[in-house]
Amino acid sequence: MSKTRITVAKGDGIGPEIMDATLRIILAAGAQIEIDEIEVGEKVYLAGNTAGISKEAWDTIIRNKIFLKAPITTPQGGGYKSLNVTTRKTLALYANVRPCRSLHPFVETKHPVMDVVIIRENEEDLYAGIEHQQTDEVVQCLKLISRPGSEKIIRYAFEYARAYNRKKVTCFTKDNIMKQTDGLFHKIFDEIGAEYPDIEKEHWIVDIGAAKLADTPEAFDVIVMPNLYGDVLSDVAAQITGSVGLAGSANIGDEYAMFEAIHGSAPRRAGQNVANPSGLLQGAILMLIHIGQGDVAERVQNAWLKTLEDGIHTYDIYKEGVSKQKVGTSEFADAVIARLGQMPKTLKPVSFKAGTAFKLPKYERKAPAKKDLVGVDLFVHWPGFNPNEIGKMMEALNHDNVYLDMITNRGVKVYPDGFEATFCTDHWRCRFKTNDGKNLTKQQIIDLLTKAEAHGIDVIKTENLYYFNGERAFSLGQGQ
Ligand code: NAD
């Protein structure tokens, strides 16, 4: 078998120790890899590079395409950019995959039969990082959910389920509130799910879904989620298996992939040969599967399970009465290597022969929809706080067939016929529509803005209101 060239970063804190242990184990198991080591992280940041990575190191990542990364320390303050976020976005690593399985009775957990895989969208949602202050009192963050982004992650989840012989894919969203953004994600889940009749599908509202996951994780199999929910709940899922120190994660794109432990660099434990290398080892196992070396991944995983079963534990999972021997990082690696070829007896052995890497079909863009402009929201900064007053002010802008339909404050309708008790900020959304069923023109929006300017109204932004293929594609005011 030809060797796969990978990029390795040993990182900071406990990083070098757990990386050495991980590489020693996978090489002993027969991993066919060649390694280019790069330096990233604290030293690079502190040398004045705010990205934490040099141009040469970046070139190596691009050339090799596969990146195994130990945790790094991001120095506090000082405008240092997160290397993780940069890597995910630059390399278009759209899928974050985090298997969370409990190792009962060898690692203490309240959930002995948990075996959940969290598949988190990794590039968009609130993490597009588009934020603005608009008035004295209000800032906004744009939540962007795209059709291609959602289709890719949801298809990935179903393909993953098929490849790994999983029975069910669950989707978490908050589409009872965010009908456009989370609504699109849910709709695409239903569309793509229909292509996988062999797999059970279900959708949960994220709040009750999260509660159920924390309480009864055995009810779930694969869960796919938009970025923010996935970020939060993948940590919850890993933690309730017993320890975040045992979980690895894969960040997968069409061309590139990055693998890591989910924990950080644990600086207080650095240099003492005490850290548990299991999280990074799990990341490396996901990498081996991804590069088509599922047989090696399987040998490593079964030997690792057997080591844990034999009670050979690092300090973080060591428990009197359950554990047999407390070992350091390097001795733990020796113990796993000594068990290569052995199977666990109590824990379920794994088989990765079926579940090797899979390729998604190339995303096919949909034909553009028929788009009708039916209105516009003018967002206004006005520190007057009286809805009836701003209502009259905005009605003065009515012209031709264009009229003020309503005003909301933080989404709630306050004019006409608002409730007195509704608290108002200085940020007003004023919705204009046509009153004769005709589409609005861009020129009419320009005229509205010109009139607003003449009346001394501080418009801070506009949002066009569209129907796409005859369907309303904007939210109504709350209480409208
Ligand atoms: P952490 O994950 O490093 O540590 C949290 C706790 O878990 C500590 O008590 C630590 O001792 C323990 N722990 C973590 N990994 C362990 C292991 N393998 N074996 C045994 N015990 C382990 O989180 P933190 O303290 O919040 O962050 C420390 C640094 O790591 C910060 O600079 C942070 O920015 C960075 N960080 C990096 C990544 C990454 O590179 N992917 C992720 C998270 C945090």
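Scroll up to find the structure.
Bear in mind the structure is a predicted one, so any value in this text is a computation, not a measurement.

Things to note about the overall build of the protein
Looking only at helices and strands, one finds 13 helices and 20 strands in the protein. The dimensions of the protein, computed from C-alpha atoms along their principal axes, are 85 × 55 × 45 Å. Taken over 480 residues, the protein has a buried fraction of 52%. Of the roughly 21800 Å² that the protein leaves accessible, carbon and sulfur atoms contribute 52%. Placing the 57 positive and 62 negative side-chain charges of the protein at their respective mean positions leaves the two points 4 Å apart.

Structural notes on the site of the ligand
Residues in close proximity to the ligand total 18 residues, the closest being I72, G264, A266, N276 and Y315. For the ligand, an oxygen atom lies 3.0 Å from a polar atom in the backbone of I72. Contact between the ligand and N84: a nitrogen atom at 3.1 Å from a side-chain N or O atom of the residue. Isolated, the ligand exposes 820 Å² of accessible area, and the fraction of that covered by the protein chains is 66%.

Side note on the sheet that holds strand β4 (residues 95-101)
The mixed open sheet is built from 10 strands, whose spatial order is β2-β1-β3-β12-β11-β4-β5-β10-β8-β9. Only two strands of the sheet have a single neighbouring strand rather than two, namely β2 (33-38) and β9 (200-205). The average angle at which neighbouring strand axes cross in this sheet is 20°, direction not considered. In terms of strand pairing, strand β3 (residues 66-69) meets strand β12 (residues 257-261) through four bridges, oriented parallel. In the sheet register, F67 faces β12, and the bridge partner there is M258. Its contacts with the sheet place helix α3 (residues 55-64) against β1 (4-9), β2 and β3, and it is angled at close to 160° to β2. Docked against the sheet, helix α5 (residues 147-163) engages β4, β5 (115-121), β8 (168-173), β9, β10 (222-225) and β11 (248-252), running at close to 160° with respect to β5.

What to know about the packing of helix α7 (residues 206-215) against helix α8 (residues 227-240)
Their axes nearest at 10 Å, the elements α7 and α8 cross at an angle of 15°. Overall, the two elements α7 and α8 adopt an arrangement that is roughly parallel. Here α7 and α8 pass one another in a crossing that is right-handed. Note on element contacts: α8 touches α7 through Y229, L233, V236, A237 and I240, opposite V206, A210, L213 and A214. Classifying every residue of the contact of α7 with α8 gives nine nonpolar, no polar and no charged.

What counts, and where the lines are drawn
Residues numbered from 1 in each chain as written. Predicted model: local features only at pLDDT ≥ 70, side-chain atom pairs only at ≥ 80, totals over all residues. Heavy atoms only, no water. Helix = DSSP H or I, 4+ residues; strand = E, 2+ residues; numbered from the N terminus. Buried < 20%, exposed > 50% of the residue type's maximum accessible area, 1.4 Å probe, protein only. Areas by Shrake-Rupley, 256 points an atom, 1.4 Å probe, with all protein chains shown as cover. Lys, Arg positive; Asp, Glu negative; His and termini not counted. Charge placed at Lys NZ, Arg CZ, Asp CG, Glu CD. Near = heavy atom within 4 Å. Polar contact = N/O pair within 3.5 Å; in protein donor to acceptor, adjacent residues only side chain to side chain. Pairing = 2+ DSSP bridges. Axes fitted to C-alpha atoms, helices over the stretch in contact; angles between N-to-C directions. Contact = heavy atoms within 4.5 Å. Parallel < 35°, antiparallel > 145°, perpendicular 65-115°, else oblique. Left-handed = near helix turned anticlockwise from the far one by under 90°. Nonpolar A, V, L, I, M, F, W, Y, C, P; charged D, E, K, R; others polar.

All quantities given are derived from atomic positions and should not be read as evidence of function.
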